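Summary of the model geometry
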Amino acid sequence: TTALVNRLNRLTTESDMPVRFTHFGSFFAIALTQSQLLPMAITLLSYHLLNHGIHLRSGDKGGFLSTAHTPGDIEDIYQAFRTSLLHLKSVGAL
């Protein structure tokens, strides 16, 4: 979880996106208090992620990683976030 969150935060920092992620144990989420996202951007991100097979919890916009997730699964999760965030940035939604 730490490695995924670090990669996501590196991506958003290097791409100048107003999004930060946090984690606690196996839980990870968008750090809403550290991010500058409009509610519509969060909704759009959720829909984009769903199109990639990733579901975020509705309230805290987070998820869990477990030992059932393979390195390939975690890479797929990262790539889904990467693709979705970069697309939203390209259309001015972030």
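To start, this report covers the structure provided alongside it. On a predicted model such as this, the values are computed, not experimentally measured, just so you know. (Residues numbered from 1 in each chain as written. Predicted model: local features only at pLDDT ≥ 70, side-chain atom pairs only at ≥ 80, totals over all residues. Heavy atoms only, no water.)

Next up on the list: the sheet that holds strand E3 (residues 62-64). As summarised here, the arrangement of the three strands in space is E1-E2-E3, forming an open sheet in which the pairing is antiparallel. On the outer flanks of this sheet lie strand E1 (21-24) and E3, each paired with one strand and no other. For this sheet, the mean angle separating the axes of adjacent strands, direction not counted, is 20 degrees. Where strand E2 (residues 27-30) meets E3, three bridges bridge the pair, whose relative direction is antiparallel. Directly across from Phe28, in E3, lies its bridge partner Gly63. Here helix H1 (residues 2-14) sits on the sheet and contacts E1 and E2; the angle it forms with E1, its principal contact strand, is near 170 degrees. (Pairing = 2+ DSSP bridges. Helix = DSSP H or I, 4+ residues; strand = E, 2+ residues; numbered from the N terminus. Axes fitted to C-alpha atoms, helices over the stretch in contact; angles between N-to-C directions. Contact = heavy atoms within 4.5 Å.)

Turning next to unusual backbone geometry. The general pattern is negative phi for most residues beyond glycine and trans for most peptide bonds. You will see that Asp16, though not glycine, has its phi angle at about 55 degrees, which is positive. Take Asp16: it is sitting in the loop between H1 and E1. Looking at Asp16, the relative accessible area reads 64%, which means it is exposed. (Buried < 20%, exposed > 50% of the residue type's maximum accessible area, 1.4 Å probe, protein only.)

The end-to-end C-alpha separation of H1 is 18 Å, in line with the 18 Å expected for 13 residues at 1.5 Å each. As for H1, its buried residues are in contact with E1, E2 and helix H3 (71-90). Looking one or two places after H1, you find Asp16, whose phi comes out positive at around 55 degrees. (Expected span 1.5 Å × (residues − 1).)

Running from amino to carboxyl end, H1 crosses H3 at an angle of 20 degrees, the nearest separation of the two axes being 11 Å. Judged by the angle between their axes, H1 and H3 are roughly parallel. You can see that H1 and H3 cross each other, and the crossing is right-handed. Residue-level inspection shows Leu4, Arg7, Leu8, Leu11 and Thr12 of H1 in contact with H3, the latter providing Ile74, Glu75, Ile77, Tyr78, Gln79, Phe81, Arg82 and Leu85. Class assignment of the residues belonging to the contact of H1 with H3 gives a composition of eight nonpolar, two polar and three charged. (Parallel < 35°, antiparallel > 145°, perpendicular 65-115°, else oblique. Left-handed = near helix turned anticlockwise from the far one by under 90°. Nonpolar A, V, L, I, M, F, W, Y, C, P; charged D, E, K, R; others polar.)

Note that all results are geometric; they support no functional claim without further evidence.
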